[in-house]
Amino acid sequence: MTAYRYDYEVITQWIEPGEKVLDLGCGDGALLKHLADVRQVQGYGVENDPDKLQASVRNGVNVIQMDLEKGLVGLEDGFFDHVIMSLSLQAMHNTQGILHEMLRVGHEAVVSFPNFGYWRHRQSILNGRMPVSESLPHQWYNTPNVRFFTIADFDVLCEMNGIAVRERLAFDEGKLVLDEPNFLASVAVYRLGRAG
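Going by the annotation in an unreviewed UniProt entry, the name recorded for the protein is Methionine biosynthesis protein MetW, with Thauera linaloolentis given as the source organism.

Spelled out as structure tokens, the structure:
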């Protein structure tokens, strides 16, 4: 059984029934399985890890093995209604490239990521230690994360790259944060589109 993920509920609200959805770094396919069950989406996952790929197949998810660092080669422009990257963007070296690719093959992109500017993460650093939390669960020496960025950093990146932020929600322990999300939220979820 997969643990409850409140970001799945947010993402579900942004997806219309029957849409074509691509989930990048889909892991065991739990999000796509959820979307297929509640929104009847035509879902496809992309995963590079062979064990996670097999777990997706066991969950009945259509999955492609692909290295996301090389882009979404072979996928047609505008084919998908939504392209999702849930809690994986921070593990990408080519952050700008994958965002561009998501909006090339999809009409909208949805990304969620841990907010490194969260006050508890800042406190850990002030105490001389790298943060370990629900949203950043790994130790510094075994983390898959290669990018540590804040909500404010991501807003600037979107502006610099002409990416329209259509909606942004921020959370701490599953509760919506409305005031000072860059400081008080541990995770952010964005709905993105092409500017103009």
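Chemist: Honestly, the overall build of the protein in this entry has me stumped. Any pointers?
Modeler: Along its length, the protein carries seven helices and eight strands. Radius of gyration (C-alpha) of the protein: 16 Å, near the 16 Å computed for a compact globule of 196 residues. Based on the C-alpha atoms only, the size of the protein along its principal axes is roughly 45 × 40 × 30 Å. Looking at the 196 residues of the protein, the share that counts as buried comes to 47%. Excluding contacts between residues fewer than 6 apart, the proportion of contacts in the protein whose partners are at least 24 apart in sequence is 64%. For the protein, the accessible area works out to roughly 10100 Å², and carbon and sulfur atoms hold 51% of it.

Chemist: What is the right way to look at the packing of helix α1 (residues 6–14) against helix α2 (residues 30–39) in this model?
Modeler: How two helices sit against one another is set out by the angle between their axes and by the gap between those axes. As a packed pair, α1 and α2 sit with axes 11 Å apart at the nearest point and diverge in direction by 45 degrees. Classified by the angle between their axes, α1 and α2 sit oblique to one another. Regarding α1 and α2, the two cross each other, and that crossing is right-handed. Judged by residue contacts, Y8, E9, I11, T12 and Q13 of α1 engage A30, L31, H34, L35, V38 and R39 from α2. A per-class count over the contact of α1 with α2 returns six nonpolar, three polar and two charged.

Chemist: Please clarify how a nonpolar patch on the surface should be interpreted in this entry.
Modeler: Nonpolar side chains collect at one region of the surface, where I125, M130, W140, Y141 and F148 lie side by side and expose about 590 Å² of accessible area between them. Its place among the elements puts M130 in the loop between α5 (119–126) and α6 (151–160). Owing to a relative accessible area of 41%, M130 belongs among the partly exposed residues under this scheme.

Chemist: Sorry, what's going on with the packing of helix α4 (residues 95–105) against α6 here?
Modeler: Put simply, α4 and α6 touch, their axes get as near as 12 Å, and they point 60 degrees apart. Looking at the two axes, α4 sits oblique to α6. In terms of crossing hand, the pair formed by α4 and α6 is right-handed. Here T95, Q96 and L99 of α4 lie close against α6, whose contacting residues are F154, L157 and M160. Broken down by class, the residue content of the contact of α4 with α6 amounts to four nonpolar, two polar and no charged.

Chemist: Explain the sheet that holds strand β5 (residues 106–114) to me, please; I cannot follow it from the model alone.
Modeler: The strands that make up a sheet are held in pairs by hydrogen bonds between backbone atoms, and each pair lies either parallel or antiparallel. As summarised here, the arrangement of the eight strands in space is β3-β2-β1-β4-β5-β8-β6-β7, forming an open sheet in which the pairing is mixed. The outermost strands of the open sheet, each flanked by one partner alone, are β3 (62–65) and β7 (175–176). Sheet analysis places strand β6 (residues 163–172) next to β7, joined by two bridges and oriented antiparallel. Bridging from a neighbouring strand, F171 pairs with L176 of β7. Those strands touched by α1 are β4 (80–86), β5, β6 and β8 (187–194), and its axis lies near 25 degrees from that of β8. Each of β1 (20–24), β4, β5, β6 and β8 touches α4; the most contacted strand, β5, lies at about 145 degrees to it.

Chemist: I keep staring at the packing of aromatic side chains and nothing clicks. Help me out?
Modeler: In this description, a pair of aromatic rings is defined by centroid distance and the angle of the planes. One pass over the structure, following the stated rule, counts 11 aromatic pairs. Ring pairing ties together the aromatic residues F113, F149, F154 and Y190, which thus form one cluster. The ring of F79 has K20 lying over it, and the distance from NZ or CZ to the ring centre is 4.3 Å.

Chemist: Sorry, what's going on with helix α3 (residues 50–58) here?
Modeler: Every α-helix carries 3.6 residues per turn, so stepping three or four residues along brings you back to the same face. Turning to α3, its buried residues are L53, A55 and S56. For α3, the angular spread of buried residues about the axis comes to 160 degrees, placing them on one side. The outward face of α3, more than 90 degrees from its buried face, is lined by the exposed residues D51 and R58. The residue sitting at the N-terminus of α3 and contributing the capping side-chain oxygen is D49; that oxygen lies 2.9 Å from the backbone nitrogen of D51. Positioned one or two residues after α3, G60 has a phi angle of 80 degrees, which is positive.

Cut-offs and rules
Residues numbered from 1 in each chain as written. Predicted model: local features only at pLDDT ≥ 70, side-chain atom pairs only at ≥ 80, totals over all residues. Heavy atoms only, no water. Helix = DSSP H or I, 4+ residues; strand = E, 2+ residues; numbered from the N terminus. Rg over C-alpha atoms; globule rule 2.2 N^0.38 Å. Buried < 20%, exposed > 50% of the residue type's maximum accessible area, 1.4 Å probe, protein only. Contact = heavy atoms within 4.5 Å. Areas by Shrake-Rupley, 256 points an atom, 1.4 Å probe, with all protein chains shown as cover. Axes fitted to C-alpha atoms, helices over the stretch in contact; angles between N-to-C directions. Parallel < 35°, antiparallel > 145°, perpendicular 65-115°, else oblique. Left-handed = near helix turned anticlockwise from the far one by under 90°. Nonpolar A, V, L, I, M, F, W, Y, C, P; charged D, E, K, R; others polar. Patch = residues over 30% accessible without salt bridge, like charges linked within 9 Å, V, L, I, M, F, W, Y side chains within 5 Å. Salt bridge = Lys/Arg side-chain N within 4 Å of Asp/Glu carboxyl O. Pairing = 2+ DSSP bridges. Phe/Tyr/Trp six-rings, centres within 6.5 Å; stacked < 30°, edge-to-face > 60°. Lys NZ or Arg CZ within 6 Å of the ring centre and 35° of its normal. Arc of directions from axis to C-beta. Polar contact = N/O pair within 3.5 Å; in protein donor to acceptor, adjacent residues only side chain to side chain.

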